[in-house]
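Geometric and topological summary
Residues per chain, in single letters:
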Amino acid sequence: LDRYELNHSKKALHVYANANFGYQPFTPENTEAIYRLLKQSLPGPVNYYDITIYADGKPIEELIPNILQKKQDKSRLWQRIDYKGAPWIQNMSRPYLASKGLEGRHIALWQSHGKYYKNNKGSWEWQRPRLFCTTEDLFTQSFVVPYIIPMLENAGAVVYTPRERDRQRNEVIVDNNTVTGKSIYLEEKSRKGKWKTSPLPGFARKRSVYTDGQNPFRDGTARFAATEKKPEKAFAQWIPDIPETGKYAVYVSYQTLPGSVSDAKYLVFHKGGVTEFKVNQQMGGGTWVYLGTFDFDKDQPHSNYVSLSNLSNYRGTVTADAVRFGGGMGNIARGDSLQEVVSGFPRYLEGARYNAQWSGMPYSVYSGKNGTNDYSDDINVRSYMTNYLAGGSSYFPADSGLHVPIEMAIALHSDAGIAPDSTFVGTLGIYTTDFNEGTFATGMSRLASRELCDVVMTQVDEDLNRLYGQWKRRQMFDRNYSETREPQVPAMILEMLSHQNFRDMALGHDPAFKFNLARAIYKGVLKYTSYQHEEDYVVQPLPVTCFQTRLNPDEKEITLTWIPGQDTLEPSATPKGYVVYTKQGENGYDNGIFVHEPRFSFRAEENVIYSFKVTA
């Protein structure tokens, strides 16, 4: 209890609880129980007064998530605000659309910390201590990159992460200004589509190491060509000199011009075949844009490359700048002018501050402390990158930026505290309401962040308790944290578990637990987003089981069979079909074939090793 106000003439009692009371989840059931318990504890006739209980400055009934209420608080909803245009990136070779999922939704999501330069020590350090065979800087990646991001993407979302996501240490950049090794940049013009130099600057790699303030996206030029609807097309090709066979993320870059089209057609030629993407060049110009991760062969320039054509359904222009293959090594040097050093680590292990500079972000985005405090910069830059990308979009119209319609931001951490005994610490959530007069740039209430936090945490609590039996849901803190304060869209921090607690980490290193926790987070995001836009949702099904192959030598036929996974936690997660991926020999997997039944047969060639994978 903080205080109370009693008005006998109006027969009203206002009870103000302290901040801790507001950190719990409120449901219609427990809110009714709280009021009932208070009335039973009061003497007559006060227990018949109009009683209102406040927490976090609001009546507790207003802190019940909209998703559980009959009467909606419209200030927490996007209402008429939405984005209906073409997504930033579309994989046109994906053999299905995730209807009633996250198709075309844009989400910013990141995996806590990374290696950073400690200015007062003059050395590169982890941001968190090393405990239980890991550090948080590494541990959260083992949830986010292999599990959470793919789940959101399989449901149709476009996911932006401020940290490098590719573990490939090699990096090959092909550009119209500079190329690496035997890499080649080619242009093929058509009668209408002649390549010209863009009026805006573009990428050029003119340095092997970059110091504070140097922007590679201001050092070069980009090219553009008019679009055509007819088959006669102009092309740009980026042919990399791949130094080592393996998996490489593919990033493209371009400039957004007044005539840029929303369906720039990219083809990625890789070991598994050809994958087609459409990129909306009306947004996201002047930075690295992730397409996907593919298998590439060393010394195979004729079968490993990226092409962009000027074929489009719209009259306008396409622009071509650099293409990057692989995550690479950190190349941002820090220190004083006499002794500047790089981290010596792969870029995916570094903090977001350095990836932001390599990605062409303005200096104010990644170095708000003017190069004096990389620790603070790295914490802030994840939100600042989100705002810079979303600026000018329907969800953040009041600021300049790259017009990417990012509608939420989620930071995943693992610093939920310490248990005094051998029990679980569990999951903690954080959001911020006391900023910018309690609203986002669109006027939406910042209670939308509490709503997001509550829905995701409820899903995590329900799933993990049903699967593991003893998981703890901890508080939802309304605190002034940069990662929840600065984004101009609903934002939350999820402390998934505690890397300081043995019981949590005994589960945290288990891949099955990582999968289940990631799936709960994905489901929470799906349900929150669907409710915000008044849409139905369907949860993606679980992996298939009992997968087997049978060979009929007489018919030279291979038959694949499997059994759909049964999801006892989610009734909507029933498979409507399956995608069968195939690779032959040392090639990569193809783009997959959609089938309706849990079986697939085809005629096989002799003396060929086949590999398969199936998703529901």
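Every value quoted in this text rests on a predicted model; they were computed, and no experiment measured them. (Residues numbered from 1 in each chain as written. Predicted model: local features only at pLDDT ≥ 70, side-chain atom pairs only at ≥ 80, totals over all residues. Heavy atoms only, no water.)

A separate point is the pairing of strand 3 (residues 50–55). By the criterion of burial, strand 3 is predominantly enclosed, with five of the six residues buried. Bridge count between strand 2 (residues 12–16) and strand 3: five bridges; the pairing is parallel. Opposite Val-15, over in strand 3, you have Ile-53 as the bridge partner. Viewed along the sheet, the connection from strand 2 through helix 1 (residues 28–41) into strand 3 turns out right-handed. As judged from the two bridges shared by strand 3 and strand 4 (residues 58–59), these two strands associate in the antiparallel manner. Paired with Tyr-54 across the two strands is Pro-59, which belongs to strand 4. (Buried < 20%, exposed > 50% of the residue type's maximum accessible area, 1.4 Å probe, protein only. Helix = DSSP H or I, 4+ residues; strand = E, 2+ residues; numbered from the N terminus. Pairing = 2+ DSSP bridges. Right-handed = clockwise from strand over helix to strand, strands pointing away.)

Counting buried positions along strand 6 (residues 106–110) gives five out of five residues, so the element sits mostly inside the fold. Alternating residues of strand 6 divide into His-106, Ala-108 and Trp-110 and Ile-107 and Leu-109, and every residue in both groups is buried. One ladder, built from three bridges, connects strand 6 with strand 11 (residues 158–160); its direction is parallel. Counted as the bridge partner of Ile-107 is Val-159 from strand 11. Of the pairings in the sheet, the one linking strand 6 to strand 26 (residues 406–413) comprises four bridges and is parallel in character. When the bridges of strand 26 are listed, Leu-109 appears paired with Ile-410.

Attention shifts here to the nonpolar core. In this structure, Trp-88, Leu-109, Leu-152, Trp-238, Tyr-266 and Phe-325 are the most contacted members of the largest nonpolar core, which totals 111 residues. Once you skip the residues sitting within four places of it in the chain, Trp-88 turns out to touch His-106, Val-158, Tyr-160, Tyr-254, Lys-278, Val-279, Asn-280, Met-283, Gly-284, Val-289, Leu-389 and Val-404. (Core = buried A, V, L, I, M, F, W, Y, C linked by side-chain atoms within 4.5 Å. Contact = heavy atoms within 4.5 Å.)

Moving on, we come to the sheet that holds strand 16 (residues 235–239). Within the open sheet, the six strands sit side by side as 5-19-18-21-16-13. Their pairing is antiparallel. Unpaired on one side and paired on the other, strand 5 (89–91) and strand 13 (184–188) mark the two borders of the sheet. Each adjacent strand pair in this sheet contributes to an overall mean axis angle of 20 degrees, direction not counted. Pairing geometry for strand 5 and strand 19 (residues 273–279), over three bridges, is antiparallel. Opposite Gln-90, over in strand 19, you have Lys-278 as the bridge partner. (Axes fitted to C-alpha atoms, helices over the stretch in contact; angles between N-to-C directions.)

Take the packing of helix 7 (residues 447–468) against helix 10 (residues 511–532) next. For any two helices packed against each other, the geometry comes down to the angle between their axes and how far apart the axes lie. The contact between helix 7 and helix 10 brings their axes to 8 Å, and the two run at 140 degrees. Taken as a pair, helix 7 and helix 10 cross one another with a handedness that is right-handed. From helix 7, Ala-448, Glu-451, Leu-452, Val-455, Val-456, Gln-459, Val-460, Asp-463, Leu-464, Leu-467 and Tyr-468 reach across to helix 10, where they touch Ala-512, Phe-513, Asn-516, Leu-517, Ala-520, Ile-521, Lys-523, Gly-524, Val-525, Lys-527 and Tyr-528. The class makeup of the residues in the contact of helix 7 with helix 10 is 15 nonpolar, three polar and four charged. (Left-handed = near helix turned anticlockwise from the far one by under 90°. Nonpolar A, V, L, I, M, F, W, Y, C, P; charged D, E, K, R; others polar.)

Following the sequence through the fold, Thr-433 ends up in the loop between strand 27 (427–431) and helix 7. A distance of 2.5 Å separates polar atoms of two side chains, one belonging to Thr-433 and the other to Asp-478. Contact partners of Thr-433, with chain neighbours within four places excluded, come to Asp-56, Gly-438, Arg-446, Leu-447 and Asp-478. (Polar contact = N/O pair within 3.5 Å; in protein donor to acceptor, adjacent residues only side chain to side chain.)

On the surface, a nonpolar cluster with roughly 360 Å² of combined accessible area is contributed by Leu-1, Tyr-4 and Leu-6. Inspection of the secondary structure assignment puts Leu-1 in the segment before strand 1 (3–7). The class for Leu-1 is exposed, based on a relative accessible area of 73%. (Patch = residues over 30% accessible without salt bridge, like charges linked within 9 Å, V, L, I, M, F, W, Y side chains within 5 Å. Areas by Shrake-Rupley, 256 points an atom, 1.4 Å probe, with all protein chains shown as cover. Salt bridge = Lys/Arg side-chain N within 4 Å of Asp/Glu carboxyl O.)

The strand order across the open sheet built from four strands is 12-23-17-20, with neighbouring strands paired in antiparallel fashion. Two strands close off the open sheet at either side, each with one partner strand: strand 12 (172–174) and strand 20 (289–296). Geometrically, the sheet is characterised by an average inter-axis angle of 20 degrees between neighbouring strands, direction not taken into account. Both strand 12 and strand 23 (residues 323–325) contribute to a ladder of three bridges, which runs antiparallel. Note on strand 23: the bridge partner recorded for Val-174 is Val-323.

Right, let's get into the packing of helix 3 (residues 141–154) against helix 10. In contact at an axis separation of 9 Å, helix 3 and helix 10 are set at 45 degrees when each is read in the N-to-C sense. When the axis of helix 3 is compared with that of helix 10, the two are oblique. Both helix 3 and helix 10 take part in a crossing whose hand is right-handed. Packed against helix 3, whose contacting residues are Ser-142, Phe-143, Tyr-147, Ile-148, Met-151 and Leu-152, the element helix 10 presents Pro-511, Phe-513, Lys-514, Phe-515, Leu-517, Ala-518, Arg-519, Ile-521, Tyr-522 and Val-525 at the interface. Each residue belonging to the contact of helix 3 with helix 10 can be placed in one class, and the counts come to 13 nonpolar, one polar and two charged. (Parallel < 35°, antiparallel > 145°, perpendicular 65-115°, else oblique.)

All right, on to helix 6 (residues 374–390) then. Taking 1.5 Å per residue, 17 residues should reach 24 Å; helix 6 reaches 24 Å between its end C-alpha atoms and fits that length. The largest bend along helix 6 measures about 40 degrees and falls at Val-381. Buried residues dominate helix 6, accounting for 13 of its 17 residues. Taking the backbone nitrogen of Tyr-375 as reference, a side-chain oxygen 3.2 Å away marks Asn-373 as the first, capping residue of helix 6. Looking at the residues trailing helix 6, positive phi occurs at Gly-392, about 90 degrees. (Expected span 1.5 Å × (residues − 1). Bend = angle between axes of the 7 residues up to and from the residue.)

Right, let's get into a positive patch on the surface. The grouping of Lys-189, Arg-191, Lys-192, Lys-194, Lys-196, Lys-229, Lys-230 and Arg-315 at the surface amounts to a positive patch. With respect to the element layout, Arg-315 can be found in the loop between strand 21 (305–309) and strand 22 (317–320). (Lys, Arg positive; Asp, Glu negative; His and termini not counted. Charge placed at Lys NZ, Arg CZ, Asp CG, Glu CD.)

Inspection of every chain in the model, using the stated rule, returns 35 salt bridges. Between Arg-382 and Asp-378 there is a salt bridge whose closest N-O contact spans 2.8 Å. You can see Arg-382 and its partner Asp-378 sitting in helix 6, four residues apart, about one turn around the helix. The class for Asp-378 is buried, based on a relative accessible area of 0%. One salt bridge connects Glu-570 with Lys-523, and the closest N-O pair in it is separated by 3.8 Å. Highlighted residues: Glu-570 in the loop between strand 31 (557–563) and strand 32 (578–584) and Lys-523 in helix 10, separated in sequence by 47 residues. A relative accessible area of 1% places Lys-523 in the buried class.

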